[in-house]
Amino acid sequence: MADETPSGIPTHRPLPSVGMPLLRDDVRSTRQKQLLVVVALLAIAGIAAAVVALVPGPPPEGEGGEVPAAAEGPAVPLAVGFSPPHDAGPLAIDAGPPAPPPEPLAIESTGVPGGTRTTHAFGRAVGFRPALTNAGLSGADADALTTALTGVMDFRRCRPEHQIVVERDADGSLVRFEYRASITQIYEAVRDGSRWLGRQVDVPVQRTRLARGGTVATSLGAALDGAGLGRAMVGTFVETFDGRIDFNTETRAGDAFRILLDEERIDGQFLGYGTVWAIEYRSQRRGVLRAFWFETRAAAGGRPAEGDFHDETGRAVHGGWLRTPLRYDHISSPFNPRRMHPVLRRVMPHNGIDYAAGTGTPVWAAADGVITFIGARGANGNLVALRHEGGYETFYAHLSRFAPGLSRGDTVTQRQVIGYVGSTGRSTGPHLHFGLKRHGGFVDPGRELNGPGRMLPAAQMGRFRAQLASLRRELDAIEIPEVAVREAPEAHPVAATEDVMD
Ligand SMILES: [Zn+2]
């Protein structure tokens, strides 16, 4: 252990052999591809709908030949704009006024004669209501929708790629509104007599339990890919067995894994992976590592279920903390109560760990907590301080900026982004100074946050044991396919310890 840093984490970057550097790019490019496909499909749908809407020619049978929608707002979703309403001639060319609001992503028919459904990106709007008026809604409609959805959705979480769907009837009146934050997170507002009713749309997700196993030949990422799970699953192994094995340096050809997890689909279309129920890594260096998911609190009243990975004795595999509150390059200065200060040339305690990382790297809350300070504070530069359960406080210094919308007294959840790495205050380069206090005194986060997690309370042990028995049975039943390992196994060191948990 002497060659390790105080946090127990080697300070070098992941080796390519683990397949980890590919992870984030893979995910990003896959998401980009999915987004492109969606945008392309929407665009095609939009063009088709516009053509369908315009080809028949005769103007809508409205009162006085009124043009729907066109007069309503600035977005003018239908390309009816510049032809006189009685002109049933060629399609209008949407020349558009200078600097119009962003084009809608799609225009479709609602199925009701004359009804339209127009999809807009949230885009660069500065808030929810401005996004609605950008999408062509009147101020009155925007106000009514904002009121209806207050408390239903969190307006601070709006993102440029989210979608706004506006449904109008043949008269151009708003009949339904939808906000799509993701495929599964959709909010709607519908007319309820004279007022609008906002609610979250229940999207039915089909879950199927998958059981997979594999042997590592070149990298864990490649092995997971070979098992049909995709390299992104590497992160689950790294996080679950954090502190028990270092996948950067201790992965060996011939190691094996087994995993039981849910696959989620909507209308048969693959959405992603859900709960990982049981996970095993058979390491030649570290023995057999296993963890089992256990729901410690069921979902209730709109609050999602809570759970954690536990070992076979019912102890949580993590101490409830993120061991590191960011993805960093290296530790530039460890916790040291007797550090010789590099500039001041005298012994000055270093009350935290300095993690070097690029400016703008997201910094996460190490655990659930309450913000006790957020702002500039002397040598700390931009600082966030959090108070946690059990007499703990954490400090995040030298930030370039804070996550938007946070203020003192706010509750944050573990892994929520609270700010971004910078070099503000007394700092010679971009890094995060991460400090930890227990009952008012500074302690080494590397040591303190590494402890084992809590045992499940006795009241939950019965349910845990029953679930464990069935998960173990399922996990043990997974056959690990043999894979030709290119290098001879004896070329790799094998841990002296036998499988400790079986
Ligand atoms: Zn520091």
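Parameters at a glance
Residues numbered from 1 in each chain as written. Predicted model: local features only at pLDDT ≥ 70, side-chain atom pairs only at ≥ 80, totals over all residues. Heavy atoms only, no water. Pairing = 2+ DSSP bridges. Helix = DSSP H or I, 4+ residues; strand = E, 2+ residues; numbered from the N terminus. Axes fitted to C-alpha atoms, helices over the stretch in contact; angles between N-to-C directions. Contact = heavy atoms within 4.5 Å. Donors = N, O, S within 2.8 Å, 3.2 Å for Na, K, Ca; no water. Tetrahedral: all angles 85-135°; square planar, octahedral: opposite > 155°, others 65-115°. Buried < 20%, exposed > 50% of the residue type's maximum accessible area, 1.4 Å probe, protein only. Expected span 1.5 Å × (residues − 1). Bend = angle between axes of the 7 residues up to and from the residue. Arc of directions from axis to C-beta. pLDDT = per-residue confidence, 0-100.

Right, let's get into the sheet that holds strand S2 (residues 116-121). An order of S1-S2-S3-S4-S5-S6 is seen for the six strands of this open sheet, with the pairing classed as antiparallel. Looking at which strands have only one partner, the edges of the open sheet turn out to be strand S1 (106-109) and strand S6 (195-201). Ignoring which end each strand starts from, the neighbouring axes of this sheet average 20° apart. Across six bridges, S2 lies against strand S3 (residues 163-168) in antiparallel orientation. In the strand pairing of S3, Thr118 is matched with Val166. Lying over the sheet, helix H3 (residues 139-149) contacts strand S4 (174-180), strand S5 (186-192) and S6, oriented at roughly 50° with respect to S6.

So, about the coordination of the zinc ion. Around the zinc ion, the protein supplies His350 (NE2), Asp354 (OD), Asp354 (OD) and His433 (ND1) as donor atoms, at distances of 2.0 to 2.8 Å. Taken together, the four donor atoms surrounding the zinc ion define angles of 52 to 152° at the centre, an arrangement classified as irregular. Spacing between the donor residues of the zinc ion along the chain follows H-x3-D-x78-H. Across the pair, Asp354 and His350 agree in class, each one buried.

Time to look at helix H7 (residues 458-476). Here H7 spans 26 Å end to end across 19 residues, near enough to the 27 Å set by a 1.5 Å rise per residue. Bending of H7 peaks at approximately 25° at the position of Phe464. For H7, the complete set of buried residues consists of Gln460, Met461, Phe464, Leu468, Leu471 and Leu475. Summarising the contacts, the buried residues of H7 are in contact with strand S7 (206-215), strand S8 (256-266), strand S9 (269-283), strand S10 (287-297) and strand S11 (306-310).

A separate point is H3. Among the residues of H3, Asp141, Ala142, Leu145, Thr146, Ala148 and Leu149 are the ones counted as buried. Relative to the axis of H3, the buried residues are bounded by an arc of 165° and lie together on one face. Relative to its buried face, H3 has exposed residues pointing more than 90 degrees away, namely Ala140 and Thr147. Turning to H3, the residues buried within the fold contact helix H2 (128-134), S4, S5 and S6. Directly beyond the C-terminal end of H3, a positive phi value near 85° is found at Gly151.

The predicted model of the chain averages 78 in pLDDT, with 74% of residues at 70 or higher. Taken together, the stretch residues 1-39 has pLDDT below 50 and engages in 52 contacts with residues farther than four places along the chain or on a different chain.

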